[in-house]
Structure formats: structure tokens, C-alpha cells
Protein chains: 2
Amino acid sequence: MLTQTSEYALRAMCALAARPGETVPAAELATQADVPQPYLAKIMQQLAATHFVSGRRGIGGGYSLAVDPRKVTALELVMAVGPIRKPRTSTELDELGDGFKALHERLDRAASGVLEVLQESTIAELAQDIGAIRREEPVLSVTPGKNGASRSAAG
Amino acid sequence: MLTQTSEYALRAMCALAARPGETVPAAELATQADVPQPYLAKIMQQLAATHFVSGRRGIGGGYSLAVDPRKVTALELVMAVGPIRKPRTSTELDELGDGFKALHERLDRAASGVLEVLQESTIAELAQDIGAIRREEPVLSVTPGKNGASRSAAG
DNA sequence: TTAATTAAGGACAACGATGTCCGAGTGTTT
DNA sequence: AAACACTCGGACATCGTTGTCCTTAATTAA
């Protein structure tokens, strides 16, 4: 029903929604969203192809939001990265015969519950608690010395 | 979340629960539950290994219920054929940082909804409507004539 | 222009879910 | 007992998802 990719996409999108206007590299998003970096890159590609984010290459590049997070639901995002298993139509139920009505009713009700939760949740709502992660240093420059490593994290 | 195998297992188990005491071949269950025959065989194996059903080989063999359908929940059955994705514990939520609380709360709520539906449904309840399928001829013996098909089920 | 940085895109590997097949075991018949 | 028919049980193949890697393209700084 809900795949791993779905959750990765939601986390990354929320992390991005917490930085409105900013262009964030995929590597940084992967760190904040706790997603394998190469795989998140793949997911971000899909989100860029479906115009949820826009990617910019080169120095200072990265991904930035291309939509209003208050108007995009979690369901739309999940559908963008992969087809979601929708509950059966009543027509399909008839095909199987009437014997499994009780079973299919319950299964479909469970599936509908998941869809509703996703439908009712906007990206902005899901990302509302984020911002706490901004307290930490985003990414540490690993270039050795030169101007002196100022990476004492415990501030 | 809920895999195809889960649904197959539930349908087959319901079909079996509608024939208490009987030993039904996997092929017949596959027909009634509308599941690919060779694949259902594999699922029935798992259900036999987990002692939900007991298999008997040879002529007149098949599968029979090994549990009380009123005391087995759909959740137990689903877990028997494959691990189900359970909601995160609050401890795991802390590991990821506090930023994604709202997101994970909703996702877990959706997952919990599915679990609850499965938990609240016993096999007996799900199979209550079955029996209608017994009106139809179960499987037609395709062996031509000889001693004549004496297996007219409609008594 | 050259070098550095970053996304875009495709090829490849690993894994589980799904689907198919053949051998082992059981009962019937001779 | 031996041969045979029937059915389960485990091994094999296929497919999509998940995850990694490498090459290419675009953008910026020097």
C-alpha cells in the first residue's frame, strides 16, 4: 500500500518545505530526511519530472519547492512517486461473486482509511514541526584545513 | 502494507472456513477464491507450516481447517504469510529527530487503522457470507464418463 | 577557457513478492 | 506387494521495487 519510496518522498518534501525559497542540495536533504543519498536523488528526479520541485545544477544548485505546500496533499505526492493501490470498485466486487463481500468490504475500508489520511494532510501540515532541524549545522565542509576547520559542533 | 498474498490467504481461508470439517483440495480452493492455482498451493504451504490448516496428501486429500475460525483474526493470518509493516514505536521516532513527528504520526495512524480492522475481524466473521458459493457446482470432473461423476454437491 | 560543483539520466545489483514447475508422500486398485 | 492416481511440499523462474554506481549535462567561480 504505502511503499518505502513514498515515505522517503514525503520526508524529503517536508524537509524542503521547511526551507521556503531556499535551494537545497539533494545530499543535504538526504541527511536531514535520513534517506540513502543515491536513492533520494532518484526520487527527487521523479518529483522534478512531476513539477513538485525544480532542480538547479551547478554550484549553489539543488532542489527548491515548485508548488505551494499548503495546496499539495500527501496523497498527490505519493501518487507521483508510484502508483497507490486503490480500493476496489463495486463493479469489481461483483466479478468475484458475492461470497467475499464481508472480506472485501473490510479490506477496502482499511485501504480507504489510509487514502483519507493522506488526502487530508497537506505538505505544509506535515512539515509544521520541522525547523528544529535547522538548529543543527546543515552540512559540514570536509575540505581539510586551509582556512582552519571551524567545525566545533557542540556550540 | 497489505500484499496480494495477504488477500489471497484471506480469501482461501474464508473459503475453507465455509466448509467446516471438510478436506478441500488446493485446486478447488483456488477456483473458489479466484487465486492462481500454483500460487495458492504455495500460500497453503505457509498456512500449513504455521498450523492454521493441515494438509493431507493422496486421494481424498487436501486442506482442512486446523484452528477455530472464530478465534483467529485476519491479522494473525496476514502475519503468517508475510511480515506486516507495523507502525513505529515512539523510541524509533526519537531516533530520527523530532522534526518529522507530524508526518510519522499520521502515517502510523493510517497503518494502525489497517491493523485494527484486521485485528477486529475474525475469519468466521469474514466468511459469514460464504455459502452462497456452495450453490454453484464446485468443480466439474473433466474425466470423460467412465463411472459417471457422482459428486453432485447440491444435496 | 578551465576547473569545480551539482543535478539528470541510465545501467547495474540485491531483494522480496509473485508465479510455475517437478519430486515426495499418501491412498486406491490389482 | 506392486503399480498407479492423486495431492502436498519444496525447488526453480519471473517481475517489480529498492538501492547503488557511473556517465553526462548544466551552472558557477577562477
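Criteria and cut-off values
- Residues numbered from 1 in each chain as written.
- Chains lettered and ligands numbered in written order.
- Predicted model: local features only at pLDDT ≥ 70, side-chain atom pairs only at ≥ 80, totals over all residues.
- Least-squares fit on C-alpha atoms with pLDDT ≥ 70 in both.
- Contact = placed C-beta atoms within 7 Å.
- Near = placed C-beta within 6 Å.
- Helix = DSSP H or I, 4+ residues; strand = E, 2+ residues; numbered from the N terminus.
- Nonpolar A, V, L, I, M, F, W, Y, C, P; charged D, E, K, R; others polar.
- Core = buried A, V, L, I, M, F, W, Y, C linked by C-beta atoms within 7 Å.
- Buried ≥ 20, exposed ≤ 12 C-beta atoms within 10 Å, placed from the backbone.
- Axes fitted to C-alpha atoms, helices over the stretch in contact; angles between N-to-C directions.
- Parallel < 35°, antiparallel > 145°, perpendicular 65-115°, else oblique.
- Left-handed = near helix turned anticlockwise from the far one by under 90°.
- pLDDT = per-residue confidence, 0-100.

Engineer: Teacher, can you tell me more about the relation of the copies chain B and chain A here?
Structural biologist: For these two chain copies, the linking operation is a rotation about an axis paired with a shift along it. Here chain B sits on chain A after a turn of 179° about the axis and a move of 0.1 Å along it, with an RMSD of 0.2 Å. Read as a symmetry element, the transformation amounts to a two-fold axis. Of the interface residues in chain B, 100% have counterparts in chain A that sit at the interface too, so the contact is made through matching surfaces.

Engineer: Which parts of the structure should I look at to understand the protein's contact with DNA strand C?
Structural biologist: Residues in close proximity to DNA strand C total 29 residues, the closest being A:G55, B:Q4, B:T5, B:P38 and B:G58. If you list the elements that add at least two residues to the surface near DNA strand C, you get α2 (26–33), α3 (37–49), β1 (53–56) and β2 (62–65) of chain A together with α1 (4–17) and α3 (37–49) of chain B. Per-element accounting of the surface near DNA strand C gives the leading share, 5 residues, to α3(A). Per-class residue counts for the surface near DNA strand C are 14 nonpolar, 11 polar and 4 charged.

Engineer: Sorry, what's going on with the interface of chain B and chain A here?
Structural biologist: How big an interface is tends to be expressed through the accessible area that disappears when the partners come together. Taken together, the 30 residues of chain B in the interface contact 30 residues of chain A. Of all the secondary-structure elements, those providing two or more residues to the side of chain B that touches chain A are α1, α6 (101–120) and α7 (123–126) of chain B. Here the side of chain B that touches chain A takes 10 residues from α6(B), the largest share from any one element. For the side of chain B that touches chain A, the class distribution of residues is 16 nonpolar, 5 polar and 9 charged.

Engineer: Would you explain the nonpolar core in this entry?
Structural biologist: Side chains of a nonpolar character, in soluble globular proteins, are inclined to be buried together. Membership of the largest hydrophobic core comes to 83 residues, with the highest contact counts inside it found for A:A12, A:C14, B:A12 and B:C14. Not counting the four nearest positions on each side in its chain, A:C14 is found in contact with A:I123, A:L126, A:A127, A:I130, B:F100 and B:L103.

Engineer: Would you mind showing me how to read the packing of helix α1 (residues 4–17) of chain A against helix α4 (residues 74–81) of chain A here?
Structural biologist: Each pair of packed helices can be summarised by the angle the axes make with each other and by the distance between the axes. All names here are of chain A. At a minimum axis distance of 9 Å, the contact between α1 and α4 shows a crossing angle of 125°. Judged by the inter-axis angle, α1 sits oblique to α4. Note that α1 runs across α4; the crossing there is right-handed. Listed contacts from α4 to T5, S6, A9, L10 and M13 of α1 are A74, L77, V78 and V81. Looking at the contact of α1 with α4 residue by residue, the classes come out as 7 nonpolar, 2 polar and no charged.

Engineer: Any chance you could explain the protein's contact with DNA strand D here in plain terms?
Structural biologist: In the vicinity of DNA strand D there are 28 residues, among which A:T3, A:T5, A:P36, A:G58 and B:G55 approach most closely. The set of elements that each furnish at least two residues to the surface near DNA strand D consists of α1 and α3 of chain A together with α3, β1 (53–56) and β2 (62–65) of chain B. When residues of the surface near DNA strand D are assigned to their parent elements, the largest contribution, 5 residues, is made by α3(B). Of the residues belonging to the surface near DNA strand D, the class tally is 11 nonpolar, 11 polar and 6 charged.

Engineer: Sorry if this is basic, but what is going on with the packing of helix α2 (residues 26–33) of chain B against α3(B) here?
Structural biologist: All names here are of chain B. Axis separation between α2 and α3 bottoms out at 9 Å; the angle between their running directions is 110°. One way to sum up the angle between α2 and α3 is to call them roughly perpendicular. Regarding α2 and α3, the two cross each other, and that crossing is right-handed. Two secondary-structure elements touch here, α2 through A26, A27, L29, A30 and A33 and α3 through Q37, L40, A41 and M44. For the contact of α2 with α3, the per-class residue count stands at 8 nonpolar, 1 polar and no charged.

Engineer: Would you explain the confidence of the model for chain A in this entry?
Structural biologist: As a note on interpretation, predicted positions should not be read in detail where pLDDT is low. All names here are of chain A. On average, residues of chain A carry a pLDDT of 81, and 76% of them reach 70 or more. Mean pLDDT across the elements of chain A ranges from a minimum in helix α5 (residues 90–95), with 62, to a maximum in β2, with 96. Confidence drops under a pLDDT of 50 for residues 132–155, and excluding neighbours within four residues, the segment shows 10 contacts in the predicted structure.

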